[in-house]
Amino acid sequence: MYGILVVEDDAGLNRGICFTLEREGYQVWGADSVKQACRLYREKLPDLIVLDLNLPDGDGLKLCCRIRKESQVPIIMLTARDMETDEIIGLESGADDYIKKPFSLAVLKVRIQTALRKHQGGEKESTLYCGDLALDPQRVKVFKGGKEVCLTTQEFRLLKYFMENRERVLLKEQIMDILWDQKGNFVEENTLPVTISRLRKKIEDDPVNPFYIKTVHGMGYLFHGEKD
């Protein structure tokens, strides 16, 4: 079952889209603001996003760019604007498709099916291996010594980023820019060290003397790749 995040501040349209997609067998989550969309995106990891261009607390284009920094999830942009330049800007921001309001829900369903088919036909992310750790991006699962480790969504995303950049010093600001809102709208200053502390307890044999996640004082962190 595919999961779809619908970001639309028009309550009636939001309900209509969600109801229609649920009847098609999708799992659907509705959001009416940038803040709510960010929270649901990080919690649910949707397979596709239907994103309105104009939202009460922010810009859909900026949200699209933010998501594109970390994911290739298909994004279909919705807008009431009727200008070619807006469509070009939307596509250049990373949107996969662009639909002008008013639109037919039947057309939206076909666009969603097409976007999902193209995305699923693309290259699959391979399982990442480091020491006795294995991270499966497709199933969103992590294994240590062959046993599954239960991680939160943010812990999983952080570990994936570390494993993709093993043996590289990652600055704290760099990690925050990729995984969290650097403007501080949704995170507190100690969010990163707290999350790393929780992650160490789950993947390290000795969290007090970690092997995988090394602290580089004054800079950030380094993920050590292989055990001897």
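Parameters at a glance
- All residue numbers refer to position in the chain's written sequence, counted from 1.
- The predicted origin of the model limits local features to residues at a pLDDT of at least 70 and limits the giving and counting of side-chain atom pairs to 80 or more, whereas totals for whole chains, interfaces and linings rest on all residues.
- Water and hydrogen atoms were dropped before computing side-chain values, which therefore reflect all heavy atoms in the structure.
- Pairing of aromatic side chains here covers Phe, Tyr and the six-membered ring of Trp, requires ring centres within 6.5 Å, and sorts the geometry by plane angle: under 30 degrees stacked, over 60 edge-to-face, intermediate tilted.
- Strands are runs of DSSP state E lasting at least 2 residues, helices are runs of H or I lasting at least 4, and numbering of each runs from the N terminus.
- Per-residue accessibility, obtained with a 1.4 Å probe over protein chains only, is compared with the maximum for each type, and a residue is labelled buried under 20%, exposed over 50%, and partly exposed between these values.
- Take a side-chain nitrogen of Lys or Arg and a carboxyl oxygen of Asp or Glu: if they are within 4 Å of each other, that pair is a salt bridge.
- A patch is a set of surface residues, each over 30% in relative accessible area and not in a salt bridge, joined within 9 Å for like charges and within 5 Å for the nonpolar side chains Val, Leu, Ile, Met, Phe, Trp and Tyr.
- Note on areas: these come from Shrake-Rupley sampling with a 1.4 Å probe, and a residue is covered only by the protein chains present in the view.
- Positive charges come from Lys and Arg alone, negative charges from Asp and Glu alone, with His and the N- and C-terminal ends not counted.
- Charge positions are represented by NZ for Lys, CZ for Arg, CG for Asp and CD for Glu.
- A pair of strands is labelled paired if DSSP reports no fewer than 2 bridges between them.
- The axes used here are C-alpha line fits, helices contributing only the stretch in contact, and every angle between their N-to-C directions lies in the interval 0 to 180 degrees.
- Here a residue-residue contact requires only that any non-hydrogen atoms of the pair lie within 4.5 Å.
- Nonpolar core, defined: a set of buried Ala, Val, Leu, Ile, Met, Phe, Trp, Tyr and Cys residues in which side-chain atoms within 4.5 Å join the residues together.
- N or O atoms closer than or at 3.5 Å make up a polar contact, with two conditions inside protein: a donor-capable atom paired with an acceptor-capable one, and, for residues adjacent in sequence, both atoms drawn from side chains.

1. Description of the packing of aromatic side chains
Within the structure shown, the criterion is met by four aromatic pairs. For the ring pair phenylalanine 162 and phenylalanine 223, a centre distance of 5.9 Å and an interplane angle of 15° mean the geometry is stacked. Of this pair, phenylalanine 162 sits in helix 6 (residues 153-164) while phenylalanine 223 is found in strand 14 (residues 220-223), placing the two residues 61 residues apart along the sequence. Take phenylalanine 162 and phenylalanine 223: they sit in the same class, and that class is buried. Between phenylalanine 211 and tyrosine 212, the ring centres sit 5.1 Å apart and the planes meet at 80°, which makes this aromatic pair edge-to-face. Judged by relative accessible area, tyrosine 212 falls into the buried class, the value being 0%.

2. Structural notes on unusual backbone geometry
Each neighbour pair has its own omega, and for lysine 101 with proline 102 the value is -5°, a cis peptide bond. Of note, proline 102 is situated in the loop between strand 7 (97-100) and helix 5 (105-120). Of note in this structure, leucine 45 is not a glycine but carries a positive phi near 50°. With respect to the helices and strands, the residue leucine 45 is situated in the loop between helix 2 (34-44) and strand 3 (48-52).

3. Some details on the pattern of salt bridges
All chains considered together, the criterion is met by 12 salt bridges. Salt-bridge contacts for arginine 68 lead to aspartate 96; the nearest nitrogen and oxygen are separated by 2.8 Å. With arginine 68 in helix 3 (residues 60-68) and aspartate 96 in the loop between helix 4 (84-92) and strand 7, the pair connects residues that are 28 residues apart, well separated along the chain. Look at the salt bridges and you will find they share partners, linking Glu8, Asp52 and Lys101 into a network.

4. Points about a negative patch on the surface
A cluster of acidic residues, Asp9, Asp10, Asp32 and Asp57, forms a negative patch on the protein surface. Within the element layout of this structure, aspartate 9 appears in the loop between strand 1 (3-7) and helix 1 (11-23). Residue classification places aspartate 9 among the partly exposed positions, given a relative accessible area of 37%.

5. Some points on the pairing of strand 13 (residues 213-216)
One ladder, built from four bridges, connects strand 13 with strand 14; its direction is antiparallel. Each bridged residue has a counterpart across the sheet, and for valine 216 the counterpart in strand 14 is glycine 220. Remark: three residues form the turn of the hairpin made by strand 13 and strand 14, two consecutive strands paired antiparallel; glycine 218 in that turn has positive phi of roughly 80°.

6. Looking at the sheet that holds strand 6 (residues 75-79)
As summarised here, the arrangement of the five strands in space is 2-1-3-6-7, forming an open sheet in which the pairing is parallel. Of all strands in the sheet, those bounded by a partner on one side alone are strand 2 (27-31) and strand 7. Pairwise comparison of adjacent strand axes, ignoring direction, gives a mean angle of 15° for this sheet. Pairing of strand 6 with strand 7 involves four bridges; the strand directions are parallel. Bridged to threonine 79 within strand 7 is lysine 100.

7. Observations regarding the sheet that holds strand 10 (residues 141-144)
Reading across the sheet, the four strands line up as 8-9-10-11 and stay open at both edges, with antiparallel pairing between neighbours. Of all strands in the sheet, those bounded by a partner on one side alone are strand 8 (128-130) and strand 11 (147-149). Across this sheet, the average inter-strand angle for adjacent strands is 25°, counted without regard to direction. In this structure, strand 10 lies alongside strand 11, joined through three bridges in antiparallel fashion. Its bridge partner being in strand 11, lysine 144 is matched across the sheet by lysine 147. On top of the sheet, helix 6 reaches strand 8, strand 9 (133-136) and strand 10; it is set at about 110° to strand 9, its chief contact.

8. A few points about the nonpolar core
Counting 26 residues, the largest nonpolar core has Leu159, Phe162, Ile175, Ile213 and Phe223 as its most contacted members. For this core, the element with the most residues is helix 6, which contributes six residues. Of all hydrophobic cores here, the second largest spans 22 residues; its members include Ala37, Tyr41, Ile49 and Cys64.

9. Things to note about the side chain of glutamine 154
By secondary structure assignment, the location of glutamine 154 is in helix 6. Of the residues examined, glutamine 154 reaches a relative accessible area of 14% and is grouped as buried. Within the structure, glutamine 154 has its side chain in polar contact with the side chain of arginine 157 (distance 2.9 Å).

Honestly, that's just the spatial picture; any functional story needs more than this.
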